[in-house]
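# Secondary and tertiary structure notes
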Amino acid sequence: MEGNYIGLFVQDMDVVMTHGARSHVEFNFLCNLSVCEYYDNILVRFNVQPSIRRSSIHIYLDRSMSHQELLEIFDQQLRDWPVLDVQELDRRHLIEAALNAAAYLLSSMPPRHNVLVFPLIIDIVSHRAVAMEEPDFGMVPTRDSSIESLNITTAKEEQSCPICLEDFDLGCQVVSMPCSHVFHEECIKMWLRYSHYCPLCRFEMPTNNC
Amino acid sequence: MSAVNSYTQDRNPNTNTTAAESPAPAPSKQPVPTAKTVDTQSVLRRLQSELMALMMGGDAGISAFPEEDNIFCWKATITGSKDTVFEGTEYKLSLSFPPDYPFKPPKVKFETSCFHPNVDLHGNICLDILQDKWSSAYDVRTILLSIQSLLGEPNTSSPLNTVAASLWENQEEYRKMVEKLYKQSA
Ligand SMILES: [Zn+2]
Ligand SMILES: [Zn+2]
């Protein structure tokens, strides 16, 4: 559940009309941050932080700049944002999106405008799992040593694993439980870290307590 | 749960440029796994195969389908079984799957109010297979069938709804109550 949603909006573009060639483009960023907190996948709190107005980015068009240079200017600017939740990958997407928007608008503008101002609104919705005690549903895991000493064989018949519901590939590693029920090795080992019962017949495996 | 979307809104009165849309980059991050790491892809595959099985199975009186944009949240319906006080009533439920499903049970709730000894006023269900008796071999189908049979065979010894539990003995009165509340909620 943790992660961010980032939306980028270009709003009410002001274009200063003067004669002559374009000289620069200005991006004004406004950042809205909302935080959604989840407990066990259920939204328990939602709050919107006050908007943060940031200084604008100027891009001069009389100097030729490569795409890479532009990316770096944006990246620099976003680096010191007080938005801790913006992940590296998200930030790169954000920068790319801003540049794409700019490129599109620039190409669709008559060449007479010499300054373009883009007010960009960035909505960041951050999803966080909150640390509350996670219910364990009263399940008791299997003792580690019993998980390690399970009888591993290779799949023979055409059967499917009752945990992931997928067919066994012939010759893949499977575990035959003491009750002789068969599962993928990975699937049953994961299950026994949650429970000490066979998923099919509730055959009881040893726990740490006995 | 992460995505970067972008769109532009050009409302400049000086030009006739229409709203422009820049390409939205692909979602960038998988949900953060819990301590015991369960691969998200395998959870998705399992939910998809359950959905297929449910659609092919055609069990009477139960149905379930994921929400439009989130396969971790399903909506389900259960019809009260014949010859029970719930006959002819239909209940909507929601299922929300944990990121480590099927190693943990989904959260199942009644969305339609249900007057039943083991269902509280918020729709929470007290059913052992959704708690300590959960097995990774259970699926949506077995859950819904279990809830359907719980409707007709409540556990009245440890009820969540004590009024319902004490009325259960009188099946005729109980039926009237179910009908009355069902009409109100419809
Ligand atoms: Zn498996
Ligand atoms: Zn078994």
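Residues numbered from 1 in each chain as written. Chains lettered and ligands numbered in written order. Predicted model: local features only at pLDDT ≥ 70, side-chain atom pairs only at ≥ 80, totals over all residues. Heavy atoms only, no water.

### Observations regarding the overall build of chain B
Counting its regular elements, chain B contains four helices and five strands. Put simply, chain B runs from its N terminus to its C terminus through helices and strands in the order β-α-β-β-β-β-α-α-α. When burial is assessed residue by residue, chain B has 44% of its 186 residues classed as buried. (Helix = DSSP H or I, 4+ residues; strand = E, 2+ residues; numbered from the N terminus. Buried < 20%, exposed > 50% of the residue type's maximum accessible area, 1.4 Å probe, protein only.)

### A few points about the overall build of chain A
Scanning chain A for helices and strands turns up four helices and ten strands. Of the regular secondary structure in chain A, the N- to C-terminal order runs β-β-β-β-β-β-α-α-β-α-β-β-β-α. Counting only residues that meet the buried cut, chain A has 47% of its 210 residues in that class. Long-range pairs, those at least 24 residues apart, make up 66% of the contacts in chain A between residues at least 6 apart in sequence. (Contact = heavy atoms within 4.5 Å.)

### What about the coordination of the zinc ion (ligand 1)?
All names here are of chain A. Coordination of the zinc ion (ligand 1) by the protein is provided by Cys 161 (SG), Cys 164 (SG), His 184 (ND1) and Cys 187 (SG), with metal-donor distances spanning 2.1 to 2.4 Å. Classification of the site at the zinc ion (ligand 1) as tetrahedral follows from its four donor atoms and the range of 91 to 119 degrees in their angles at the metal. Of note, the donors binding the zinc ion (ligand 1) are all from one chain and are spaced C-x2-C-x19-H-x2-C. Per residue, the accessibility class of His 184 equals that of Cys 187, and both read buried. (Donors = N, O, S within 2.8 Å, 3.2 Å for Na, K, Ca; no water. Tetrahedral: all angles 85-135°; square planar, octahedral: opposite > 155°, others 65-115°.)

### Re the UniProt feature "active site" (unreviewed entry) in chain B
All names here are of chain B. Mapped onto this numbering, the UniProt entry annotates "active site" (unreviewed entry) at Cys 126. Owing to a relative accessible area of 29%, Cys 126 belongs among the partly exposed residues under this scheme. In contact with Cys 126, other than residues within four places in its own chain, are Asn 118, Gln 131, Leu 150 and Leu 160. (UniProt positions renumbered as here; feature names shortened; annotations may be inferred.)

### Looking at the coordination of the zinc ion (ligand 2)
All names here are of chain A. Every protein donor of the zinc ion (ligand 2) is listed here as Cys 179 (SG), His 181 (ND1), Cys 198 (SG) and Cys 201 (SG), and their distances to the metal cover 2.0 to 2.3 Å. Classification of the site at the zinc ion (ligand 2) rests on its four donor atoms, whose angles at the metal span 107 to 111 degrees, yielding the label tetrahedral. The exposure class of His 181 is partly exposed, given its relative accessible area of 25%.

### Some points on unusual backbone geometry
Following Tyr 101 of chain B, the chain continues to Pro 102 of chain B via a peptide bond in cis, the omega torsion being 0 degrees. Structurally, the position occupied by Pro 102 of chain B is in the loop between strand 4 (90–96) and strand 5 (107–110). A positive phi is found at Arg 202 of chain A, a non-glycine position, where the angle reads about 60 degrees. Accessibility expressed as a relative area gives 29% for Arg 202 of chain A, which makes it partly exposed. The phi dihedral of Asp 83 of chain B falls on the positive side, at around 65 degrees, and the residue is not glycine.

### What to know about the pattern of salt bridges
All chains considered together, the criterion is met by nine salt bridges over all chains. The shortest N-O distance in the salt bridge between Lys 104 of chain B and Asp 100 of chain B comes to 3.8 Å. (Salt bridge = Lys/Arg side-chain N within 4 Å of Asp/Glu carboxyl O.)

### Points about the sheet that holds strand 8 (residues 151–154) of chain A
Residues and elements named next belong to chain A. Taking strand neighbours across the sheet as the criterion, the three strands line up as 8-9-10 in an open arrangement whose pairing is antiparallel. Either end of the sheet is taken by a strand with one partner, and the two such strands are strand 8 and strand 10 (182–184). In this sheet, neighbouring strand axes are inclined to one another by 40 degrees on average, regardless of whether the strands run parallel or antiparallel. Note that strand 9 (residues 173–176) and strand 10 share three bridges and pair antiparallel. Looking at strand 10, one finds that Ser 176 is bridged to Val 182. Taken strand by strand, helix 4 (residues 185–192) contacts strand 8, strand 9 and strand 10, and its axis lies near 95 degrees from that of strand 10. (Pairing = 2+ DSSP bridges. Axes fitted to C-alpha atoms, helices over the stretch in contact; angles between N-to-C directions.)

### Section: the environment of Glu 185 of chain A
All names here are of chain A. Within the fold, Glu 185 resides in helix 4. Each residue touching Glu 185, except ones within four places of it in the same chain, is listed here: Ile 152, Gln 173, Val 174 and Val 175. Reaching out from Glu 185, the side chain makes a polar contact with the side chain of Lys 189 at a distance of 2.8 Å. (Polar contact = N/O pair within 3.5 Å; in protein donor to acceptor, adjacent residues only side chain to side chain.)

### Brief notes about the layout of surface pockets
Of the pockets and cavities examined, the second largest pocket occupies roughly 510 Å³. If you go around the second largest pocket, you meet 24 residues; those closest to its centre are Cys 164, His 184, Glu 186 and Cys 187 of chain A together with Ser 42 of chain B. Examining the composition of the lining of the second largest pocket, we find that five residues originate from one element, helix 4 of chain A, more than from any other. (1 Å grid on protein atoms, 1.4 Å probe; cavity = no way out; pocket = protein on both sides within 12 Å on 5 of 7 lines; lining within 4 Å. Points joined across faces, edges and corners; volume = space filled by probe spheres on them.)

### Focus on the pairing of strand 5 of chain B
Residues and elements named next belong to chain B. Residues Val 108 and Phe 110 of strand 5 are buried on one face, while the alternating residues Lys 107 and Lys 109, pointing to the opposite face, are not. Pairing geometry for strand 4 and strand 5, over four bridges, is antiparallel. The residue bridging Leu 95 from the neighbouring strand is Val 108, located in strand 5.

### Description of the sheet that holds strand 5 of chain B
All names here are of chain B. One open sheet accounts for four strands, arranged 2-3-4-5; its pairing is antiparallel. With one partner strand each, in any of the chains shown, strand 2 (62–67) and strand 5 form the two edges of the open sheet. The mean angle between the axes of side-by-side strands here comes to 25 degrees, regardless of whether they run parallel or antiparallel. Sheet topology places strand 3 (residues 70–79) next to strand 4; seven bridges connect them, and they run antiparallel. Note that in strand 4 the partner of Ile 78 across the bridge is Tyr 91. Against the sheet, helix 1 (residues 40–57) contacts strand 2 and strand 3, and its axis sits at roughly 30 degrees relative to strand 3.

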